[in-house]
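Here is how the chains run, residue by residue.
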Amino acid sequence: MTLSISHRLRAALLATPMLLAGLAVAHAADIDTSKSIKVAMVPKLVGLSVFKANQQGAEAAAKLLNINFLYTGPVTASAQGQVDVFNSLIARRFSVITTTSNNPTQLAPALKRARRQGIKVVSYDSDVAADARDFFIQNTDYAEFGKALVESVAKYTGPSAEIAILSSTPDATIQNEWINALKTYLSAHYPNIKIVTTQYGQSSPSQSLTAGLNILQANPNVTAIIAPDGAAEVGAAAAVEKLGKTGRVFVTGCSDPNSIRQYVKSGIIKESPLWDEVKEGMLVMYVARLAANNAIQPDSTFTAGDLGSFTAKDRVIVFSKPLVFNKANIDQYQF
């Protein structure tokens, strides 16, 4: 099956040759889908809503790209659980493994072994060690996302607040990148906002609720929780509601709109940045297909169907700018 590139995009590419100088360009029209390939998507854990949205997009793209698709992963946020899944996929000779990492170093040996056996590895969302994958799909620019997280609460807490962070696990790559980015942004723009504690909810709504309750009970002056994890944001918002602190403590994070809709409408979450998880799942499959075909190079531009054009700079592909959900727009999004 051949996918056609739009006339508009073709014209834009021809009109800007200098921008593409030195870059290999893989157009959608060039994608060879004649041979079926097996691609697995291995999230940090199955059951989390943001990863289900990735799955939805990946399944749709897989049908277009002649991909035999498998969605599988551990039931808890476990690096060893992911390693066990990888070993099974290697034994079954999958063409491509795509994954978002619970621990970048613990996953590396199994993924390196997969690559040595000719299996392509594409990480997305939370990266693995760079030498353990072929390409990484980064959700957003880290600095931009750190800024979005801070601004989502700072305008409501004021410039001299005590805030807390509720993350997933201590080793989660993407969460640590965002936390570092938001700390840098705080230091530059809100030097009087103080982070009083950082807790972890293990990407579990129930454990995140417990952690959120602990944060608020132990730190009564906290007026915001930044929760850069889907389950953590839900748990933090539920803790605010349970303790009757709506309007006094504000929550932000990176959960899908369906999971946080009630808290956005109640005012516990004023703003919450993310990206379109469904479309990101589609991009993961396009990159997997191109990687399997050896049709994407470490520094190249390529087209992923209707998603548009992307650049694989140093084998890193930035998917999107932050998409900020609020009461005015959240009902436009259903995932």
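Scope of this entry: the structure provided in the associated data block.

Rules of the game
Note that residues are indexed from 1 along each chain, following the sequence as it is written. This being a predicted model, a pLDDT of at least 70 is required before a residue's local features are given, and a value of 80 or more before pairs of side-chain atoms are given or counted; all residues contribute to the totals for chains, interfaces and linings. Hydrogens and waters are ignored; side-chain quantities use all the structure's heavy atoms. Note on ring pairs: Phe, Tyr and Trp rings are taken, using the six-membered ring of Trp, and paired if centres are within 6.5 Å. Classes follow the plane angle, with under 30 degrees stacked, over 60 edge-to-face and the rest tilted. Helix and strand definitions here come from DSSP, where helices need a minimum of 4 consecutive H or I residues and strands a minimum of 2 consecutive E residues; each element is numbered from the N-terminal end. The buried label applies to any residue whose accessible area, calculated with a 1.4 Å probe on protein chains only, is under 20% of its type's maximum; exposed applies above 50%, and partly exposed to all values in between. A ring is scored as having a charge over it whenever the NZ atom of a lysine or the CZ atom of an arginine sits within 6 Å of its centre and within 35 degrees of its normal. Between any two strands, at least two bridges found by DSSP are needed for them to pair. Axis definition: a line fitted to C-alpha atoms, limited for helices to the stretch in contact. Angles are taken between N-to-C directions and run from 0 to 180 degrees. The contact definition used throughout considers only heavy atoms, calling two residues in contact when any of these lie within 4.5 Å.

**Remarks on the packing of aromatic side chains**
Right, on to step 1. A complete count under the given rule lists eight aromatic pairs for this structure.
Right, on to step 2. Ring centres of Phe325 and Phe335 lie 6.3 Å apart, and the angle between their planes is 65 degrees; this geometry places the pair in the edge-to-face category. Taken together, the residues span a long stretch of sequence, with Phe325 in strand E15 (residues 323-325) and Phe335 in the segment after E15 at a distance of ten residues.
Right, on to step 3. Residue classification places Phe325 among the buried positions, given a relative accessible area of 0%.
Right, on to step 4. What links up through ring pairs into an aromatic cluster is the set Phe145, Trp178 and Trp275.
Right, on to step 5. Against the face of Phe94 rests Lys38, its NZ or CZ located 4.8 Å from the ring centre.

**What about the sheet that holds strand E6 (residues 135-138)?**
Right, on to step 1. In space, the six strands of this open sheet follow the order E3-E2-E4-E5-E6-E14, with parallel pairing throughout. In this open sheet, the two strands that pair with only one neighbour each are strand E3 (67-71) and strand E14 (316-318). Averaged over all neighbouring strand pairs, the angle between strand axes comes to 20 degrees, with direction disregarded.
Right, on to step 2. Alignment of strand E4 (residues 96-99) against strand E5 (residues 120-124), held across four bridges, turns out to be parallel. Counted as the bridge partner of Thr98 is Val122 from E5.
Right, on to step 3. Strand contacts of helix H10 (residues 277-292): strand E2 (37-42), E3, E4, E5, E6 and E14, with the helix running at about 140 degrees to E2, the strand carrying the most contacts.

**Topic: the environment of Val278**
Right, on to step 1. Positionally, Val278 belongs in helix H10.
Right, on to step 2. When the C-alpha atoms of Val278 and Gln55 are compared, they prove to be 7.3 Å apart, with 223 residues separating the residues in sequence.
Right, on to step 3. Discounting chain neighbours no more than four positions away, the residues touching Val278 are Ala53, Gln56, Gly57 and Phe335.

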